[in-house]
Amino acid sequence: MNARQGEARRIPAETLPPVELVDRLLALTTGLTDVIRRETELLRNRARVEIAELQPEKIRLANEYAMDVMAVRGHKNLLDRAPSERVSRLKAAMAELDSTLASNGEALNAAKSVSEGLIRMVASAMSERTAPSLGYGPNAASSARRSGGPAGAGSLTLDSRA
């Protein structure tokens, strides 16, 4: 889509002829599926910069898709007069999008799990270095800290709400 098309006012789904609405929904569905697949692959390859670059397109497609789907849900008759072959292609594309979103969700959960695990390991290592040592030190005096631990080590707080 060029800049001029992006600036053009979006035609509401309710005003499109059924064939054009199905074609627009099909284009949005396949475009969104493609972006989600690319994002999933990038997640698996841990390519954060490239994932961030996909977000504007993903957001645009998802918003337009959501608007059209909500219009269709609100006006079930919008697709009644569209050719059944095109509606069948749209339904297949939507099922493929659902499957792609499920895979993407799994990849996102895996990435989140790895990140949380790394944070816990760092927090554990920091607390071990700063935790008081149990037992007695030299000259039978109680040990206040493990040797080698920094006296003013900082703390790390974890928030599992993500």
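Relevant structure appears above.
Residues numbered from 1 in each chain as written. Predicted model: local features only at pLDDT ≥ 70, side-chain atom pairs only at ≥ 80, totals over all residues. Heavy atoms only, no water.

**Focus on the layout of surface pockets**
Right, on to step 1. For the largest pocket, the calculated volume is near 340 Å³.
Right, on to step 2. Every residue along the wall of the largest pocket is listed here: Leu 43, Arg 44, Arg 46, Arg 48, Ile 51, Ala 107, Ala 110, Ala 111, Val 114, Ser 115 and Leu 118.
Right, on to step 3. Secondary structure elements with two or more residues in the lining of the largest pocket: helix H2 (18-44), helix H3 (48-74) and helix H4 (84-130).
Right, on to step 4. The element that contributes the greatest number of residues to the lining of the largest pocket is H4, accounting for 6 residues.
Right, on to step 5. Taken together, the residues of the lining of the largest pocket break down into 7 nonpolar, 1 polar and 3 charged. (1 Å grid on protein atoms, 1.4 Å probe; cavity = no way out; pocket = protein on both sides within 12 Å on 5 of 7 lines; lining within 4 Å. Points joined across faces, edges and corners; volume = space filled by probe spheres on them. Helix = DSSP H or I, 4+ residues; strand = E, 2+ residues; numbered from the N terminus. Nonpolar A, V, L, I, M, F, W, Y, C, P; charged D, E, K, R; others polar.)

**With respect to a nonpolar patch on the surface**
Right, on to step 1. Together, Val 114, Leu 118 and Met 121 line one region of the surface with nonpolar side chains, adding up to about 300 Å² of accessible area.
Right, on to step 2. Looking at the secondary structure, you find Val 114 in helix H4. (Patch = residues over 30% accessible without salt bridge, like charges linked within 9 Å, V, L, I, M, F, W, Y side chains within 5 Å. Areas by Shrake-Rupley, 256 points an atom, 1.4 Å probe, with all protein chains shown as cover. Salt bridge = Lys/Arg side-chain N within 4 Å of Asp/Glu carboxyl O.)

**Considerations on the environment of Gln 55**
Right, on to step 1. Note on placement: Gln 55 falls in helix H3.
Right, on to step 2. Once the C-alpha coordinates of Gln 55 and Ile 36 are considered, the two residues, 19 residues apart in sequence, prove to be 9.8 Å apart.

**Examining the pattern of salt bridges**
Right, on to step 1. On inspection of all chains with the given rule, the structure shows 11 salt bridges.
Right, on to step 2. Notably, a salt bridge pairs Arg 38 with Asp 34, separated by 3.4 Å at the nearest N-O pair. Linking Arg 38 with Asp 34, this pair stays in helix H2, spanning 4 residues, or about one helical turn.
Right, on to step 3. Given a relative accessible area of 34%, Arg 38 falls into the partly exposed group.
Right, on to step 4. Put simply, Arg 38 and Glu 57 hold a salt bridge, and the shortest N to O gap is 3.3 Å. With a gap of 19 residues between them, Arg 38 in helix H2 and Glu 57 in helix H3 connect regions that are remote in the sequence.
Right, on to step 5. Under the relative-accessibility criterion, Glu 57 is labelled partly exposed at 33%.
Right, on to step 6. Among the charged side chains, a salt-bridge network with shared partners connects Arg 10, Arg 24, Arg 60, Glu 64 and Asp 68. (Buried < 20%, exposed > 50% of the residue type's maximum accessible area, 1.4 Å probe, protein only.)

**Notes on the nonpolar core**
Right, on to step 1. Of all hydrophobic cores here, the largest spans 22 residues; its most connected members are Leu 21, Leu 25 and Tyr 65.
Right, on to step 2. Put simply, the parts of the chain that give this core at least two residues each are H2, H3 and H4.
Right, on to step 3. Per-element tally for this core: the top contributor is H2, with 8 residues.
Right, on to step 4. Ignoring any residue separated from it by four or fewer positions in sequence, one finds Leu 21 in contact with Ala 13, Leu 16, Asp 68, Val 72, Leu 78 and Leu 79. (Core = buried A, V, L, I, M, F, W, Y, C linked by side-chain atoms within 4.5 Å. Contact = heavy atoms within 4.5 Å.)

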